[in-house]
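# A closer look at the structure
The chain contents come next:
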Amino acid sequence: MDALLAALVALMALAAAMAAVLSTLSKAAIFAILAIAPCVYRYRKRIYVIVKTLPRDAKFLWRYANAMVRSKRWGRNNSTVAELFTKRALKTPDAPCFIMVEGRTWTFREIAENSNQVSRVMQEHLGLKRGDVVCVFMPNCVEYVYTWLGMAKLGAVSALINSNLRHRPLLHCIQVAKAKAIVFSDSLAGAISELGDQLPPELKLFQLYGKCPPGVIDLRAEMDKQVPEYPIVTDKPRYRDTLLYIYTSGTTGMPKAAVLPNSKYLLIVVATVHMLGLRSSDRLYNPLPLYHLAGGLVGTCAALVDGIPTVLRSKFSATHYWTDCIKYDCTVSQYIGEMCRYLLCAPSRPTDTQHRVRIMVGNGMRPAIWQQIVDRFKVPQINEIYGATEGNANIINVDNTVGAVGFLPKLVPTWLHPIALVRADDDGDLIRGPDGLCIRCQPNEPGMFIGLIAQGNASREYYGYVEKSDSNKKLVRDVFCKGDAAFVSGDILVADELGYLYFRDRTGDTYKWKGENVATAEVEDAVRAAIGQRDVVVYGVSIPQTEGRAGMAAVSAASVDGRSLAVALDHALPSYARPLFLRLMKDIEITSTFKLKKRQYQKEGFDPDVIQDPLFFRSGDDFVPLTSQLFDDICNGRVKL
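Conventions and cut-offs
Residues numbered from 1 in each chain as written. Predicted model: local features only at pLDDT ≥ 70, side-chain atom pairs only at ≥ 80, totals over all residues. Heavy atoms only, no water. UniProt positions renumbered as here; feature names shortened; annotations may be inferred. Helix = DSSP H or I, 4+ residues; strand = E, 2+ residues; numbered from the N terminus. Rg over C-alpha atoms; globule rule 2.2 N^0.38 Å. Buried < 20%, exposed > 50% of the residue type's maximum accessible area, 1.4 Å probe, protein only. Contact = heavy atoms within 4.5 Å. Lys, Arg positive; Asp, Glu negative; His and termini not counted. Charge placed at Lys NZ, Arg CZ, Asp CG, Glu CD. Core = buried A, V, L, I, M, F, W, Y, C linked by side-chain atoms within 4.5 Å. Phe/Tyr/Trp six-rings, centres within 6.5 Å; stacked < 30°, edge-to-face > 60°. Lys NZ or Arg CZ within 6 Å of the ring centre and 35° of its normal. Pairing = 2+ DSSP bridges. Axes fitted to C-alpha atoms, helices over the stretch in contact; angles between N-to-C directions. Right-handed = clockwise from strand over helix to strand, strands pointing away. Parallel < 35°, antiparallel > 145°, perpendicular 65-115°, else oblique. Left-handed = near helix turned anticlockwise from the far one by under 90°. Nonpolar A, V, L, I, M, F, W, Y, C, P; charged D, E, K, R; others polar. pLDDT = per-residue confidence, 0-100.

- Where an unreviewed UniProt entry is consulted, the protein appears under the name Very long-chain fatty acid transport protein, with the organism given as Danaus plexippus plexippus.
- Annotation of the protein in UniProt includes, under Sequence similarities (unreviewed entry), the sentence "Belongs to the ATP-dependent AMP-binding enzyme family."

Below you can see the structure in the form of structure tokens.
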């Protein structure tokens, strides 16, 4: 009763206040208020959303506008990465550009001079020119960057090969690039020598450091013979020329070479600097592999073009992550989701909060551990990024919303968005309406993430892969109107009422493990070859407290030699692509594309108390029976994966 009386008193007070306000207004003003009141009521939800997201959208649009001004200026000037780096090196020659953990500091002058010498060596030995391709096969090091930068000064393309690859996948990457040469470090010379006569006979081999075998050119020795001046180039590189090939699993089969022109690299520069709000006083910590977009482009572009120094680590270490940031005074650090779990699993130490890191940027951080990262390590800003190396659909979380990978600005009409979520079926095929066009998803409705293509606009161009047939598989036409086209990511996302986007699942025949895309077709081929061409389906299964999905192979066989299978897979596949689990079955009922049964097996997981078929786990150089106790140890993080 008291509550009811209090409510009546509050209502009367509100009415009195409104009457007092209305008494001060003119009749025209009162009429206007009454006229718009129905519209306000009708669109109250829309108005609430716009007001709620106004700070986020205003920040994004301001940063986006500044980024696009720079990007368009570079386009008009036909600028290249090599040209902009050279201007930066002339401006601040003795400033630090890259700092190698437990190594030396490299100034802009040193990067410029070494890259110039690489250019001159390639001109002398190969006659390297605009459009030619050279493979770069090295672990993380500063030499990696100045090597591809030297190629870029000539207008040549550097194909950045995953340093974990061996045997057939490595050979495939060299062949698909149609390279004139390959540059590799002494630590990876063995991987090249293993290919032997399989390498194209016309391919020139350059080794950096170490003793070179016959037929291999000592790159460092040849560089020392050259003057460190900018090479003489008659056919100068251009803004839209290809700069790099970066390999990705795509959707099926062997690694595919995605095309990255100068324009896309420079777009990543402005996106990194402006969307993150980087400062000239910042210092970036990059423990990610340089052969991927995150480490190789996001992790180097701010240094090369804007002079924000980058600290490079040869390999990620959970133990040294924060101590490195403290030692080298880093204010921005990179991650991938799997790294975040390792950081949380490490014992707590005072150094967890003694750093000056104000921004962590990366992709794949699970919502379940997001807040734990913030609370334990006291990082004020987490910028989760979503994108595809070969695509044009890229988004970023700019306001720390937990779990979001980006958003659709509510201030901007939907039809102006360069990205969209559209309805798709369980197989990832787009659903079309009666008019034959795609259907936009409603809030909280999962859908396929796509990027609308607009050639001539650096942020919306689509270059795809070296092999155009692979590029076309990622395209869909007649999306929202006849004649338009879009890049199909293959990922299912969902947008909430405020426009925040959240990752749901990956469609098609890929899964992600250890930060790498794994193509199931490639793994199936390797397993099939090792067990006598029996039926095989490979899929990813979720493991508690881990990022991505671990590989599992269902094999139509009563028994297999686990040790022999492990040896064969080690020979044929990189470490991240080797299945951790094995399931032996009497028969596998499959369609021609494996889609139906593969999804069913994936849902069943790897629990030996649920699955009656024999299950095995990869332990060392053998597959051992998967018992209930071992299953429990894996799920609770007591087994290293």
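Next comes the rest of the description.
### Remarks on the overall build of the protein
- Helices and strands together make up the secondary structure of the protein, namely 19 helices and 28 strands.
- Whereas a compact globule of 641 residues would reach a radius of gyration of roughly 26 Å, the protein reaches 27 Å, a difference of no more than 12%.
- Principal-axis analysis of the C-alpha atoms places the extent of the protein at approximately 95 × 70 × 60 Å.
- A burial count over the protein gives 54% of its 641 residues as buried.
- In the protein, the share of contacts with a sequence separation of at least 24, taken over all contacts with a separation of at least 6, comes to 70%.
- Averaging the positions of the 76 positive and the 64 negative side-chain charges in the protein gives two centres separated by 7 Å.

### Structural notes on the nonpolar core
- Judged by nonpolar contacts, the single largest core of 85 residues is most densely connected at Met122, Trp148, Tyr265 and Leu304.
- No other element matches the nine residues that helix H10 (residues 262-276) contributes to this core.
- With sequence-adjacent residues up to four places away left out, Tyr265 is seen in contact with Val81, Trp148, Leu243, Gly296, Leu297, Thr300, Cys301 and Leu304.
- By size, the runner-up hydrophobic cluster in this structure holds 71 residues, among which are Tyr511, Ile531, Tyr576 and Phe623.

### Let's talk about the packing of aromatic side chains
- Inspection of every chain in the model, using the stated rule, returns 17 aromatic pairs.
- Members of the aromatic cluster, connected to one another through ring pairs, are Tyr285, Phe316, Tyr321, Trp322, Tyr342 and Phe377.
- Taking the ring centre of Trp106 as reference, the NZ or CZ of Arg104 above it sits at 4.0 Å.

### Focus: the sheet that holds strand E28 (residues 622-625)
- Taken in spatial order, the five strands of this open sheet run E24-E25-E26-E27-E28, and their pairing is mixed. For this open sheet the edge positions go to strand E24 (536-541) and E28, each flanked by a neighbour on one side alone. Direction aside, neighbouring strands of the sheet carry axes that sit 30° apart on average.
- Along the sheet, helix H17 (residues 562-572) makes contact with strand E26 (581-585), strand E27 (615-619) and E28, crossing E28 at roughly 140°.

### Points about the sheet that holds strand E12 (residues 332-336)
- One open sheet accounts for eight strands, arranged E2-E1-E11-E10-E12-E13-E14-E15; its pairing is mixed. In this open sheet, the two strands that pair with only one neighbour each are strand E2 (105-107) and strand E15 (395-396).
- Pairing analysis gives four bridges linking strand E13 (residues 359-363) to strand E14 (residues 381-386), with the strands arranged parallel. Within E14, the residue paired with Val361 across the bridge is Asn383.

### With respect to the pairing of E13
- Where burial is concerned, most of E13 is hidden: four out of the five residues are buried.
- Strand direction decides the pairing type here: E12 and E13, joined by five bridges, are parallel. Note on E13: the bridge partner recorded for Tyr335 is Gly362.
- A crossover connection joins E12 to the parallel E13 through helix H13 (residues 337-345); in handedness this β-α-β unit is right-handed.

### Looking at the packing of helix H4 (residues 81-91) against helix H6 (residues 142-153)
- Contact geometry for H4 and H6: axes closest at 8 Å, N-to-C directions at 110°. Compared by their axis directions, H4 and H6 come out roughly perpendicular. In this structure, the crossing between H4 and H6 has a hand that is left-handed. Residue-level inspection shows Val81, Ala82, Phe85 and Thr86 of H4 in contact with H6, the latter providing Trp148, Leu149, Ala152 and Lys153.
- Grouping the amino acids of the contact of H4 with H6 by side-chain chemistry returns six nonpolar, one polar and one charged.

### Details of unusual backbone geometry
- Positive phi, close to 60°, is recorded for Glu102, a residue that is not glycine.
- Along the chain, the position of Glu102 falls in the loop between strand E1 (96-100) and E2.
- Look at Glu102 and you get exposed, because its relative accessible area is 62%.
- The phi angle at Tyr209 is positive, at roughly 75°, despite the residue not being glycine.
- Secondary-structure assignment places Tyr209 in the loop between strand E6 (204-208) and strand E7 (216-218).
- The exposure class assigned to Tyr209 is partly exposed, which follows from its relative accessible area of 32%.

### Some thoughts on the side chain of Thr389
- As for its position among the elements, Thr389 is in the loop between E14 and E15.
- Residues contacting Thr389, with those up to four places away along its chain left out, are Ile246, Ala258, Leu260, Lys264 and Leu293.

### Some thoughts on the confidence of the model for the protein
- Here the protein averages 89 in pLDDT, and 92% of its residues register 70 or above.
- Below pLDDT 50 for its whole length, residues 591-596 participates in seven contacts with residues either more than four positions away or in separate chains.

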